[in-house]
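Structural overview
Letter by letter, the chains look like this.
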Amino acid sequence: MMREITCREAVREALREELRRDEDVFLIGEDIGFYGGTNKVTEGLWQEFGPERIMDTPISEAAIIGAALGAAAVGMRPVAEIMFIDFLGVCMDQVANQVAKLRYMTGGKVTLPLTIRTPGGAGRSAAAQHSQSLEAWLIHTPGLLVVMPSTPYDTKGLLKAAIREDNPVVFIENKMLYNTKGPVPEGEYVIPLGKADIKREGKDATVVATSRMVYFALEAAAKLAAEGIECEIVDPRTLVPLDKEAILESVAKTGRLVVVHEAPERGGFGAEVAAIVVNEAFDYLDAPIQRVCSKNTPMPFSPRLERFITPQVEDIIAAVRTVLA
Amino acid sequence: MTKEELISLHKTMLQVRHFEQEVAKAFLAGQIPGFLHSSVGQEAVAVGVCAALREDDYVVSTHRGHGHVLAKGADLNSMMAEIYGKATGCCRGKGGSMHIADFDRGIVGANGIVGGGIPIANGVALAAKRRKTGQVVACFFGDGASNQGTFHEALNLASIWDLPVVFVAENNMYGMGTSQRRHQKVENIADRAAAYKIPGVVVDGNDVLAVREATLEACNRARRGEGPTLLECKTYRHFGHFVGDPGAYREPGELEAWLERDPLVLFRRYLEEQGVPAAALDELEAAVIEEVRMAVEFAYRSDEPAEETALEDVYAPTEAGRRAIW
Ligand SMILES: Cc1ncc(C[n+]2csc(CCOP(=O)(O)OP(=O)(O)O)c2C)c(N)n1
Ligand SMILES: [Mg+2]
C-alpha cells in the first residue's frame with residue numbers, strides 16, 4: 001500500500017524537495033515563515049531553511065510579486081505565496097502587466113522561472129473577498145501558465161514541475177482540499193505540465209472537471225454508475241497549457257460533454273473547453289455541451305446561499321442526464 | 001464632558017466587549033459560519049474615535065470592524081443576524097462578519113481586503129467636501145495595512161486635496177502573526193504623515209478619552225478645510241488574529257501586561273474616581289449583557305435567507321425591474 005498524505009503535505013513536500021535541490025529556490029509571502037502559513041502549508045520550512053529562504057513579508061502583495069519577478073528575471077527561482085487568490089486583485093498589475101508580459105515585450109530576452117502559489121475556492125463561508133475562483137483572469141492573460149490540481153499526487157508532482165519550469169506559473173490550490181488525502185509515493189517524481197489525467201474511465205459521457213470539482217464529479221459518476229451510466233472524468237490539471245487531445249479523445253469516445261468548474265459560468269474556463277470541442281470535435285457530439293458552474297454572482301456569506309450558488313453533485317448528475325437525454 | 005456622556009462612552013465600550021465575547025462564544029460553538037476577527041482589547045479606539053464624530057459623519061472599517069460599526073451606531077440585532085448569516089442581517093446574510101455596512105448610519109463598510117478601505121474613504125470625503133456638508137470620514141485600518149500601497153496612495157491624495165479624513169491607524173502591534181517590529185522599521189506609523197505633510201499624532205489607544213480628544217482635534221481641522229490627519233492609536237488585541245488562533249507568536253508575558261491596561265478596566269476605574277458608584281456601573285453592564293443576549297436570541301431565531309435571494313443585489317435594478325444575470 002502506498003502511503004497517503006494530504007494536499008497540504010503534498011505542497012509542503014514539493015516545496016521542501018525543491019528548496020533542497022536548488023539553492024536558487026526561495027519562498028516569499030505573508031506569514032509563511034515564523035507563523036507557518038495561514039493554511040499551515042509551509043509549517044516547518046522556516047525552521048529548516050531559515051528566514052533568508054523562507055521570507056516573511058509585510059502585507060504588500062504588489063511588492064511580493066514584484067520582488068519575485070525581479071529575482072526571477074536575474075536567475076533566481078522564487079515561489080511566491082498569495083494568501084488567498086482573491087488578493088491577486090491587489091497585485092494584478094504585477095501579475096498581468098509585468099510578470100505575464102516582460103518576456104514578450106523584451107523580445108524573449110528574459111526568462112522568468114517564477115511560481116505563484118495561491119489557494120482559491122468557496123466552501124468555508126468566507127464571503128465574496130475570500131472565496132473566489134479566478135483562474136479565468138489568469139488563463140486570459142497570455143504569458144502565464146496556470147495549474148489547478150485536485151489530488152495530493154498531482155499537487156506534488158505538478159508543483160515540482162512548476163518550480164522547475166522556466167515560465168511564470170500560477171499554481172492554484174483549493175482551500176477545501178488541504179486536508180484531502182490520497183496516495184503519494186515516497187520517492188521523487190515530477191508530472192509534466194500540460195498532461196490531463198483521466199480520473200475515471202467511462203463510455204457514456206465525458207465530464208471535464210477542475211480542482212475540487214473533480215471530487216464532486218467522481219461522486220456524481222459513482223451515483224450514475226449505479227444506474228449503469230458510465231462517466232469519463234477528465235481532470236485537465238493544467239489549464240495552460242491545456243491537454244486538448246485528452247479532452248477531444250474522450251469526447252470522440254463518448255459523444256457527450258459536461259464541463260464543471262467552481263468559477264462563475266460567464267466567460268469561464270468551461271466556455272473555452274466548449275469552444276474547443278465544438279470547433280474540433282463537432283462531428284462527434286451527440287448532444288449540446290452542458291456547463292456546471294457557479295451562478296454569475298459574487299460569493300455570498302450564508303452557507304445556504306453559498307451552497308446554492310456553487311455547483312453541487314446533484315447538478316452534475318442532472319447535467320449528465322441532460323446530455324444523455 | 002458631562003457625567004452622562006462619560007457613562008455613555010463606557011456603555012458603548014461594554015457593548016463592543018460583550019458583543020465580541022458573545023460572538024466568539026457562538027463561533028466556537030459552531031453557530032457562526034466563516035471566520036471571525038475579534039476587537040476585544042481595542043474598544044477604546046473604536047469608541048473614542050466615534051465619540052468625536054457627528055451622527056452624519058462616516059466610518060470606513062476593516063476586517064476587525066465590529067467595534068467600529070457598533071460605536072457608529074449600528075443596530076445590534078441586524079448586525080448580529082448578519083454575522084449569523086441570517087436573512088434579517090444588515091446585509092441580508094451576504095456579507096457576514098467582515099462586510100458589515102449600514103449606509104444610513106454612515107457606515108460605509110468593513111472590508112476583507114487589508115488596506116482595501118483606505119482609498120474609499122477619500123471618495124466619501126471628496127463628496128462631503130464638494131457638497132460642503134462639513135462631514136468627516138474616520139478611516140480605520142491596522143498597522144499591517146499601513147504597508148499596502150493603498151495606504152500611501154490614499155494619504156498622498158487626501159493630503160494634496162485637503163480631504164476631510166481622519167486616518168486612524170489602529171496599531172495593535174501585529175499584522176496576523178507578524179509583529180510590527182518585523183513588518184516595518186518605523187516605531188510610529190504616525191511618522192509616515194511627514195511624507196505627506198499632514199499631522200501625525202500618536203495616542204494611547206487604550207485611553208478612550210485621549211482617543212476622543214485627539215480625534216476631535218483632527219475632525220475640527222478637517223471641518224475647517226485643512227485636510228487629513230494620521231492618528232495612530234497604540235493598542236492590543238486580546239484574542240489571536242482570528243477567534244481560535246492561539247497567538248503562539250506573542251512574546252511571553254505580553255498579553256498579561258496588556259490585560260493590565262484593559263481599556264474597560266482603566267475607564268471604569270476612572271469613572272469610579274469621578275464618583276460614579278460601582279453599583280451603577282454594574283447595573284449598566286448587566287443591561288448591556290441583556291441587550292447583547294437579546295441580539296443573539298434574535299439572530300439565532302431568525303430565518304436563513306431564501307436561496308433565490310443569492311441572485312439579487314448583483315446589480316441595481318433598472319426601471320424595468322431586476323437586471324437579469326445570465
Ligand atoms: C490584501 C490582503 N492581504 C492579506 C490578507 C489576510 N489578512 C487578513 S487580516 C491580516 C492582518 C492585518 O493586519 P492589520 O492591518 O494590522 O490589522 P489587524 O488584523 O491587526 O486588525 C491579514 C494578513 C487580506 N485579508 N487582504
Ligand atoms: Mg494589526
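Everything numeric here is computed off the predicted structure, so don't read it as measured data.

Rules of the game
- Residues numbered from 1 in each chain as written.
- Chains lettered and ligands numbered in written order.
- Predicted model: local features only at pLDDT ≥ 70, side-chain atom pairs only at ≥ 80, totals over all residues.
- Heavy atoms only, no water.
- 1 Å grid on protein atoms, 1.4 Å probe; cavity = no way out; pocket = protein on both sides within 12 Å on 5 of 7 lines; lining within 4 Å.
- Points joined across faces, edges and corners; volume = space filled by probe spheres on them.
- Helix = DSSP H or I, 4+ residues; strand = E, 2+ residues; numbered from the N terminus.
- Near = heavy atom within 4 Å.
- Polar contact = N/O pair within 3.5 Å; in protein donor to acceptor, adjacent residues only side chain to side chain.
- Areas by Shrake-Rupley, 256 points an atom, 1.4 Å probe, with all protein chains shown as cover.
- Nonpolar A, V, L, I, M, F, W, Y, C, P; charged D, E, K, R; others polar.
- Pairing = 2+ DSSP bridges.
- Axes fitted to C-alpha atoms, helices over the stretch in contact; angles between N-to-C directions.
- Contact = heavy atoms within 4.5 Å.

1. Focus: empty space enclosed by the protein
All names here are of chain A. A complete count under the given rule lists 5 cavities of 30 Å³ or more for this structure. Reported here for the largest cavity is a volume of approximately 70 Å³. Around the largest cavity sit 13 residues that line it, and S133, M148, N174, S211 and E262 are the ones nearest its centre. Breaking the lining of the largest cavity down by element, the ones donating at least two residues are β7 (169-174) and β13 (257-264).

2. Notes on the site of ligand 1
What surrounds ligand 1 is a group of 22 residues, the closest being E61 of chain A together with H63, R64, G112 and G144 of chain B. Surrounding ligand 1 is a set of residues that belongs to chains A and B. Between an oxygen atom of ligand 1 and a main-chain N or O atom of G144 of chain B, the distance comes to 2.7 Å. Isolated, ligand 1 exposes 570 Å² of accessible area, and the fraction of that covered by the protein chains is 96%. Of the residues contributing to the shell around ligand 1, the split by class is 9 nonpolar, 9 polar and 4 charged.

3. Points about the sheet that holds strand β14 (residues 290-294) of chain A
Residue and element names in this part refer to chain A. Read from one edge to the other, the open sheet built from 5 strands follows the order β9-β11-β10-β13-β14, with strand pairing classed as mixed. Of all the strands in the sheet, the pair left with one neighbour each is β9 (197-200) and β14. Adjacent strand axes in the sheet meet at a mean angle of 25°, parallel and antiparallel pairs treated alike. Sheet analysis places β9 next to strand β11 (residues 231-235), joined by 3 bridges and oriented antiparallel. Within the sheet, the bridge partner assigned to D197 lies in β11 and is D235. Running over the sheet, helix α9 (residues 244-254) touches β10 (205-209), β11 and β13 and is turned about 155° from β10. Helix-sheet contacts for helix α12 (residues 313-324) involve β10, β11, β13 and β14, and the interaxial angle to β14 is about 165°.

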